[in-house]
Amino acid sequence: MVTVRYFAGAKAAAGRGEEQVSAADVGELKAVLAQRHGPVLDKVLSASTLLVDGLAAKDPATALPAGVVVEVLPPFAGG
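A brief report on the enclosed structure follows. Quick caveat, the model's predicted, so the values are computed rather than measured.

1. Remarks on the pattern of salt bridges
In a structure, side chains of opposite charge can pair up when their charged atoms sit close to one another.
Phase 1: For the structure shown, the criterion picks out three salt bridges.
Phase 2: In this structure, glutamate 18 and arginine 5 form a salt bridge, with 3.2 Å as the shortest nitrogen-oxygen distance. A residue pair is termed long-range when its members are at least 10 positions apart, and glutamate 18 in strand E2 (residues 18-21) and arginine 5 in strand E1 (residues 2-6) qualify at 13 residues.
Phase 3: Exposure remark for arginine 5: the relative accessible area of 31% places this residue in the partly exposed category.
Phase 4: The closest approach of N and O atoms between glutamate 19 and arginine 36, which form a salt bridge, is 2.6 Å. Note that glutamate 19 is positioned in strand E2 and arginine 36 in helix H2 (residues 26-37), a separation of 17 residues in sequence.
Phase 5: Among the ionic contacts, a cluster of salt bridges with common partners joins Arg16, Glu19 and Arg36.

2. Thoughts on helix H3 (residues 39-47)
Phase 1: Every buried residue of H3 is accounted for by Leu41, Val44 and Leu45. The buried residues of H3 occupy one face: seen down the axis, they fall within an arc of 100°. Turned more than 90 degrees away from the buried face of H3 sit Pro39, Lys43 and Ser46, all of them exposed.
Phase 2: Residues of H3 that are buried in the fold lie against E1, helix H1 (8-14), H2, strand E3 (49-52) and strand E5 (69-73).

How each quantity is defined
Residues numbered from 1 in each chain as written. Predicted model: local features only at pLDDT ≥ 70, side-chain atom pairs only at ≥ 80, totals over all residues. Heavy atoms only, no water. Salt bridge = Lys/Arg side-chain N within 4 Å of Asp/Glu carboxyl O. Helix = DSSP H or I, 4+ residues; strand = E, 2+ residues; numbered from the N terminus. Buried < 20%, exposed > 50% of the residue type's maximum accessible area, 1.4 Å probe, protein only. Arc of directions from axis to C-beta. Contact = heavy atoms within 4.5 Å.

In structure tokens, the structure reads:
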């Protein structure tokens, strides 16, 4: 299991700030989250940066060992 933490628009789309998910890699995680929460979160995920234990994970094949924290950071606006 991995801990997924949502911020800003991702939190609103998921309807929660955090949850536990079983996924082997980033690609599977995105698929599970989209299935679980629907097309709004799927759209947010496609524009978001995912941090795996604080490091940006751009490759869908990035492994997710048990116990890691994945933070979903949608694009932010502002100055």
